[in-house]
2 protein chains.
Amino acid sequence: MYKATITVRLRQSILDPQGKATHHALQNLGFDSVDRVRIGKSIEMWIDAGSSEEARRKAHAACDKLLANPVMEDFEVDVAEA
Amino acid sequence: MYKATITVRLRQSILDPQGKATHHALQNLGFDSVDRVRIGKSIEMWIDAGSSEEARRKAHAACDKLLANPVMEDFEVDVAEA
């Protein structure tokens, strides 16, 4: 069993209203030194695979087909034995 | 300037309906080898601080005060120069 940790983020050029709202809330709480906030998803996926390469391939395919929007988002995949 | 990468996850004992729905959708797409999915947030925060220790302290404080729900969620903070 392998665990893939997938991070899906909005591309830098895409406006992130959730991040902006969080930044604003942090400033209201006195966190003046926070310059910018962006919010993405962190997906943990446990995969039955024969090798970490196979698990990585499956995680990539899942991102391409479902988890990430290729127009607006980038993703990273980390695989570890679990 | 430092960049804190904060991962906020539901505690293992808390049901994750978004992860369950994603798991179900993956199975419908033929990803039979996916055993379990859990979904959390990945927050990038750029912080003006004199040292990485100070940036880490501020990121922790922001999690405690706003970003994570201590009853249901755990968080991790990674800090790097940006």
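Our structure is the block above this text.
The notes below deal with the structure included here. Every value quoted in this text rests on a predicted model; they were computed, and no experiment measured them. (Residues numbered from 1 in each chain as written. Chains lettered and ligands numbered in written order. Predicted model: local features only at pLDDT ≥ 70, side-chain atom pairs only at ≥ 80, totals over all residues. Heavy atoms only, no water.)

The interface of chain B with chain A comprises 31 residues on the first partner and 31 residues on the second. Both sides of the chain B and chain A interface together cover about 2,800 Å² of buried area, and 64% of this is carbon and sulfur. Of all residues in chain B, Ser 33, Glu 44 and Trp 46 of chain B give up the largest surface area on contact with chain A, accounting jointly for 21% of the area buried on that side. Joining chain B to chain A, the criterion identifies two salt bridges. Among the ionic pairs, Glu 44 of chain B bridges to Arg 9 of chain A, the shortest N-O distance being 3.6 Å. Counting every contact that joins chain B to chain A gives 14 residue pairs in polar contact (both at pLDDT 80 or more). Contributions of two or more residues to the side of chain B that touches chain A are made by strand S1 (2-10), helix H1 (17-28), strand S2 (34-47) and helix H2 (52-67) of chain B. Of the residues in the side of chain B that touches chain A, the class split is 16 nonpolar, six polar and nine charged. Direction of pairing for strand S2 (residues 34-47) of chain A relative to S2 of chain B: antiparallel, over a ladder of 13 bridges. Across the sheet, the residue bridging to Trp 46 of chain A is Arg 36 of chain B, located in S2 of chain B. (Contact = heavy atoms within 4.5 Å. Buried area = accessible area lost by both parts, 1.4 Å probe. Salt bridge = Lys/Arg side-chain N within 4 Å of Asp/Glu carboxyl O. Polar contact = N/O pair within 3.5 Å; in protein donor to acceptor, adjacent residues only side chain to side chain. Helix = DSSP H or I, 4+ residues; strand = E, 2+ residues; numbered from the N terminus. Nonpolar A, V, L, I, M, F, W, Y, C, P; charged D, E, K, R; others polar. Pairing = 2+ DSSP bridges.)

Purely spatial values, then, with no claim about function.
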